[in-house]
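Residues per chain are reported as follows:
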Amino acid sequence: MSTNPLLNTPEELDEMSRQIRRDIINMLAISQTGHSGGPLGMADIFTAMYFNKLNIDNTDLDKEDRDYFFLSIGHIAPVWYATLARRGFMEIDELKTLRKINGRLQGHPASPKGHGAPGVEIASGSLGQGLSIAVGMAIGLRMDGRKNHVYCINGDGELQEGQIWEAVMTAAHHNVDNLTMIVDRNHCQIDNRTENVLKLEPLPDKFIAFGWNVLEMDGHNMQDILDTIEKAKAFKGKPTVIIAETFMGKGVSFMEDNYKWHGVPPSVEQALVALSELAPTKYGDFHEIKEKAEA
Amino acid sequence: MYNIEKPELKETRQGFADALVELGKELPELVVLGGDVTGSVKTNLFRDAYPDRFISVGIAEQDMIGTAAGLALAGKIPVASTYGEFATGRPFDQIRQSVAYAEMNVKICASHCGITVGPDGATHQSFEDVGIMRILPNMTVLTPCDYNETYNAVKTAIKSKGPFYVRFYREKSPNFTDIKKEFKIGKADTLIEGNDVTLLASGLLVWEAIVASEMLKKDGVSARVVNVNTIKPIDKETIIKCAQETDLIITCEDHQWQCGLFGAVAEVVSLYHPVKMDYIAIDDTFGESGIIFSELMSKYKIDRTAIYNKVKSHLKK
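Just so it is clear, the structure is predicted and the values come from calculations on it, not from any experiment.

## Observations regarding the pattern of salt bridges
Two side chains bearing opposite charge may form a pair once their charged atoms approach each other closely.
Residues and elements named next belong to chain A.
Phase 1 of the analysis: Across all of its chains, the model carries 33 salt bridges over all chains by this definition.
Phase 2 of the analysis: Between Glu195 and Arg185 there is a salt bridge; the shortest N-O distance is 2.9 Å. On the criterion of sequence distance, the pair formed by Glu195 in helix 7 (residues 194-197) and Arg185 in strand 3 (residues 179-185) is long-range, its members being ten residues apart.
Phase 3 of the analysis: The class for Arg185 is buried, based on a relative accessible area of 0%.
Phase 4 of the analysis: Notably, a salt bridge pairs Asp257 with Arg193, separated by 3.1 Å at the nearest N-O pair. Of the two residues, Asp257 sits in the loop between strand 5 (240-245) and helix 10 (268-277) while Arg193 sits in the loop between strand 3 and helix 7, which places them 64 residues apart along the sequence.
Phase 5 of the analysis: Salt bridges sharing partners connect three or more residues here, namely Asp156, Arg185, Glu195 and Glu201.

## Focus on the interface of chain B and chain A
Phase 1 of the analysis: Tallying the contact residues gives 26 residues for chain B and 30 residues for chain A.
Phase 2 of the analysis: When chain B packs against chain A, close to 2200 Å² is buried across both sides, 54% of that on carbon and sulfur atoms.
Phase 3 of the analysis: Broken down residue by residue, the surface that chain B buries against chain A is led by B:Leu73, B:Gln97 and B:Tyr101, which jointly contribute 25%.
Phase 4 of the analysis: Taken together, the links from chain B to chain A amount to one salt bridge.
Phase 5 of the analysis: With a shortest N-O distance of 2.5 Å, A:Asp144 and B:Lys76 are connected by a salt bridge.
Phase 6 of the analysis: Where chain B meets chain A, there are eleven residue pairs in polar contact (both at pLDDT 80 or more).
Phase 7 of the analysis: Of all the secondary-structure elements, those providing two or more residues to the side of chain B that touches chain A are strand 3 (54-56), helix 4 (61-73) and helix 6 (92-101) of chain B.
Phase 8 of the analysis: For the side of chain B that touches chain A, the element with the most residues is helix 4 of chain B, which contributes nine residues.
Phase 9 of the analysis: For the side of chain B that touches chain A, the residue count by class is eleven nonpolar, eight polar and seven charged.

## Concerning the sheet that holds strand 2 (residues 150-155) of chain A
In a beta sheet, neighbouring strands pair by backbone hydrogen bonds and run either parallel or antiparallel.
Residue and element names in this part refer to chain A.
Phase 1 of the analysis: Read from one edge of the open sheet, five strands run 1-2-3-5-4, paired in parallel fashion. The sheet terminates laterally at strand 1 (68-71) and strand 4 (213-218), the two strands that pair on one side only. On average, each strand axis in the sheet is tilted by 20° relative to the strand beside it, whichever way the strands run.
Phase 2 of the analysis: Note: strand 4 against strand 5, six bridges, orientation parallel. From the neighbouring strand, Asp218 faces strand 5, where its bridge partner is Glu245.

## Some thoughts on the domain arrangement of chain B
Residue and element names in this part refer to chain B.
Phase 1 of the analysis: Looking at the assigned domains, one finds that chain B contains domain 1 (9-174) and domain 2 (189-316).
Phase 2 of the analysis: Placing a centre on the C-alpha atoms of domain 1 and another on those of domain 2 gives a separation of 25 Å.
Phase 3 of the analysis: Listed per partner, the contact involves 34 residues of domain 1 and 32 residues of domain 2.
Phase 4 of the analysis: The largest contributions to the domain 1 side of the interface with domain 2 come from Ile115, Phe127 and Arg134, which together make up 30% of the buried area.
Phase 5 of the analysis: Scanning the region where domain 1 abuts domain 2 turns up two salt bridges.
Phase 6 of the analysis: Arg134 is paired through a salt bridge with Glu267; the nearest N and O atoms lie 2.7 Å apart.
Phase 7 of the analysis: Summed over the shared surface of domain 1 and domain 2, the result is 25 residue pairs in polar contact (both at pLDDT 80 or more).
Phase 8 of the analysis: Taken together, the elements giving at least two residues each to the side of domain 1 that touches domain 2 come down to helix 7 (129-134), strand 6 (140-142) and strand 8 (172-174).
Phase 9 of the analysis: For the side of domain 1 that touches domain 2, the leading source of residues is helix 7, giving four residues.
Phase 10 of the analysis: In terms of residue class, the side of domain 1 that touches domain 2 is made up of 16 nonpolar, ten polar and eight charged.

The rules behind the values
- Residues numbered from 1 in each chain as written.
- Chains lettered and ligands numbered in written order.
- Predicted model: local features only at pLDDT ≥ 70, side-chain atom pairs only at ≥ 80, totals over all residues.
- Heavy atoms only, no water.
- Salt bridge = Lys/Arg side-chain N within 4 Å of Asp/Glu carboxyl O.
- Helix = DSSP H or I, 4+ residues; strand = E, 2+ residues; numbered from the N terminus.
- Buried < 20%, exposed > 50% of the residue type's maximum accessible area, 1.4 Å probe, protein only.
- Contact = heavy atoms within 4.5 Å.
- Buried area = accessible area lost by both parts, 1.4 Å probe.
- Polar contact = N/O pair within 3.5 Å; in protein donor to acceptor, adjacent residues only side chain to side chain.
- Nonpolar A, V, L, I, M, F, W, Y, C, P; charged D, E, K, R; others polar.
- Pairing = 2+ DSSP bridges.
- Axes fitted to C-alpha atoms, helices over the stretch in contact; angles between N-to-C directions.
- Domains from an automatic or database assignment.

In structure tokens form, the structure reads like this:
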């Protein structure tokens, strides 16, 4: 399997994230099941992580000093699978198997030990669990004097789970600073906008009150993403959360900022419209959608 | 063989704590998570011996399980310990997804299980923990019966790979197994031979079954006593053998009858060699406070007298 080299400029990264968005649309159009909004909204951050920031090599996951990446919101798995495939963790063709029987691309990520995708560390899907795991991992690494950094992606709606705040307290109590939490602040969850379902604001103040270092970034501005992730890693003495302002469904006009696209895939016709809005890239698609749904 | 009149009394939770402190020496990767009740579950002994390997997470059982899973990913052997109800009921979803499904090397060691947490009342009496742990794929469930066996079961769980649930108690109880006997996962232990009835017992009820067997012996009834110290994987071979050799099997446990030992044994017996079965267990009810747990055992009919009466009632028919 070829490993795509790291990408250095925001322009190169933007092109890759556009390809990952195209991959997401294609995956969902093929399987006709899965979440559209969150994956599209997080494509830029996943691209920045895997093609620039993360110290992680698909050919050597046992490397002593590599970084660890946790996805607490398992339902945005399509963006993770597409990114992992583009980064060389699996053949790009495997993206056709999303949510299909006997496949590794489970609807919500399974641990690779079971039957999950390579590059996944642990199962997620039931919300609120990822941060505790990331904190445990970070504490464990620190005990051994290892310098690895741990990242955890959380959703904003997910912050309504009580366990998140237990983990937030644990991280602060133990000064876990080899950890960066990134909150996908798209203001949407399956039922409605977050502030209508259960108010989260003032969100930065809550983390500050819990003893965290808080950074904010534009989750669609590649330079801002790169700079903020770097800043978070450099900060010592407290855990850092990056509140990433994003739009659910980013890149596809009829999905953007619309919570109704949280949990549904585009129809074949809608997928073709979406792809017409996301210019093709030099990387090429793994699949070409025909006018009619394929069997 | 057993000192029925005056057995040595020892806390099973102390067996857990002693095993932790002992293994801490040889296993630098052993870490213990504290959920505030460290004095009660005696993880304070490990904390005092190895402060750098003790992680306090406060009264937050869901986070404790998740943190343990993360520590396991980092190559540690994490032991998460609190009361039985809070170790299983509160974080069930976390155990299911982050430990069992993920096949993490996490050891959930629960004290204050079942009836011995008497005075605290129903909220603290876990009668469902074995049931909800044994239905999880990848989970191994151990129910040692005394101090010595708890000490050995904890050592075996920590040295074995994968998710474990180990159940033990607060109060002192008879200590009668051999400390030198290695704990064998999935191997039930026949303590007393007998031909008329088999008493398959677990945990605290093993001693009650031994005493009941002696009481029955005086009436000319030969009651086999088997210590089922592993509920999952259950020892099919021994259970089938008991079903073949005695016409009646009675399970004895301080747990709800439907989903614990009786459930596990009934599944085997009904599939492989159906014989008449009955149970000594908590009968689909919650508990209540009682200063001395033996009073509760008597009231809820899970003691030696209840076992004796149950056997006699069947043999009369």
